[in-house]
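So the chains spell out like this:
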Amino acid sequence: PLLMIGSVTIVIIKHNVKKMRKKEMDNKMQQRTPQDMVQMENSLKQKHKEISDVVTPKPYVSQKQGFDYVDEGYMRNQLNKYYPVWGWEIIKYEFIGDKAISVHGRLTIIDNGVQRAYDSVAAHRVATNQKGYVDLGNDMKAANTDCFKVAVNRLCNIADDVYRKQIEDLDL
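Values in this document were obtained by computation on a predicted structure and should not be read as measured data.

Engineer: Hey, could you run me through the overall build of the chain in this one?
Structural biologist: Scanning the chain from N- to C-terminus turns up four helices and seven strands. A buried classification covers 26% of the 172 residues belonging to the chain. Entry remark: accessible area of the chain is about 12000 Å², with carbon and sulfur atoms responsible for 56%.

As structure tokens, then:
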């Protein structure tokens, strides 16, 4: 019981810190002029376009079942490079029968002074053999890694070339 109380206390403190940060961010946003907001928006768009245009080095791109994917270590390195203040939170693990496990995660970044977040979901098949589960921990990690990589790509535009998320500028 004491451990449970400690865990709840930690969650409450973490929640309160998040609320304080959000309040600080809201106050800062309210203090900005419309010109500041336009400049910040343009800066965000430019940064994301530049990151989206980066070509992922071939040694970090592999194939599985006919699909290209990017090494998680490379994506984490790029995340650290472009968005050094970030956090990854697992919201929920869920078993889909006894065949797969899904994970819901949230990536939060500070992007040019603006806190942004993206929720993603991924699933991974549970490996079994005649004796039962092979390595449930590995299956959970694989689902978490896939979920993390989706969030990094969608929120931060890292590896857009591999995941075919680049948009051609038709104004040129």
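Engineer: What am I meant to see in the environment of Thr128 here?
Structural biologist: With respect to the helices, strands and loops of the structure, Thr128 is situated in strand β6 (residues 128–129). Taking the C-alpha atoms as reference, Thr128 lies 8.7 Å from Lys99; in sequence the two are 29 residues apart.

Engineer: It is not clear to me how the side chain of Glu72 should be interpreted in this structure. Could you clarify?
Structural biologist: Residue position: Glu72 is located in helix α3 (residues 72–82). Within the structure, the side chain of Glu72 is placed 2.5 Å from the side chain of Arg76, a separation counted as a polar contact. Once residues lying within four places of it in the same chain are set aside, the contact partners of Glu72 are Thr145, Phe148 and Lys149.

Engineer: How should unusual backbone geometry be read in this particular structure?
Structural biologist: A negative phi angle characterises most non-glycine residues, just as the trans form characterises most peptide bonds. Residues other than glycine seldom take positive phi values, yet Ala159 does so here, at roughly 65°. Ala159 gets classed as buried once you look at its relative accessible area, which sits at 5%. In this structure, Arg164 takes a positive phi of about 55° despite not being glycine. Take Arg164: it is sitting in the segment after α4 (136–156).

Engineer: What should I look at first to understand the nonpolar core in this one?
Structural biologist: Nonpolar side chains tend to gather and get buried jointly when the protein is soluble and globular. Among the nonpolar cores identified, the biggest contains 16 residues, and Met75, Leu79, Leu107, Ile109, Val152, Cys156 and Ile158 are the most heavily contacted of them. Of all the secondary-structure elements, those providing two or more residues to this core are α3, β4 (100–111) and α4. When residues of this core are assigned to their parent elements, the largest contribution, five residues, is made by α4. Not counting residues up to four positions away in its chain, the partners in contact with Leu107 are Leu79, Trp86, Gly87, Trp88, Arg116, Ala117, Tyr118, Phe148, Ala151, Val152, Leu155 and Cys156. Core analysis: the second largest hydrophobic core is formed by six residues, Ile101, Val103, Ala122 and Cys147 among them.

Engineer: Just checking my understanding: could you explain the side chain of Asp139 for this structure?
Structural biologist: Considering the arrangement of structural elements, one finds Asp139 in helix α4. Of the buried charged residues, Asp139 lacks a salt bridge, with Arg125 as the closest side chain of opposite charge at 6.6 Å. Separated by 3.1 Å, the side chain of Asp139 and the backbone nitrogen of Ala127 make a polar contact.

Engineer: Just checking my understanding: could you explain the pattern of salt bridges for this structure?
Structural biologist: Note that side chains of opposite charge can pair when their charged atoms are close. Inspection of the entire model under this criterion finds nine salt bridges. Between Lys92 and Glu94 there is a salt bridge whose closest N-O contact spans 3.5 Å. According to the relative accessible area criterion, Lys92 is partly exposed, its value standing at 45%. One salt bridge in this structure joins Lys99 and Asp98, with 3.9 Å as the shortest N-O distance. According to the relative accessible area criterion, Lys99 is exposed, its value standing at 61%. The exposure class assigned to Asp98 is partly exposed, which follows from its relative accessible area of 43%.

Reading the values: the criteria
- Sequence order as written defines the numbering, with residues in each chain counted from 1.
- Reporting of local features is limited, given that this is a predicted model, to residues whose pLDDT is at least 70; pairs of side-chain atoms are given and counted only at 80 or more, and all residues count toward the totals for whole chains, interfaces and linings.
- Note that water and hydrogens are dropped before the side-chain values are worked out from all heavy atoms of the structure.
- Helical segments are the DSSP runs of H or I of at least four residues, strand segments are the runs of E of at least two, and each set is numbered from the N terminus.
- Buried means the residue's accessible area, taken with a 1.4 Å probe over protein chains only, is under 20% of the maximum for its type, while exposed means over 50%, and partly exposed covers the values in between.
- Shrake-Rupley sampling with a 1.4 Å probe provides the accessible areas, and residues are treated as covered by the protein chains on show and by no other component.
- Within 3.5 Å is the distance limit for a polar contact, defined as a pair of N or O atoms, with the added protein rule that one can donate a hydrogen and the other accept it, and that residues adjacent in sequence qualify only through two side-chain atoms.
- Any two residues whose heavy atoms approach within 4.5 Å at even a single point are treated as in contact.
- Among buried residues, the Ala, Val, Leu, Ile, Met, Phe, Trp, Tyr and Cys ones that are joined through side-chain atoms within 4.5 Å form a nonpolar core.
- Neither His nor the chain termini are counted; the positive set is Lys and Arg, and the negative set is Asp and Glu.
- Any Lys or Arg side-chain nitrogen located within 4 Å of an Asp or Glu carboxyl oxygen qualifies as a salt bridge.

All we've got here are geometric facts, nothing functional implied.
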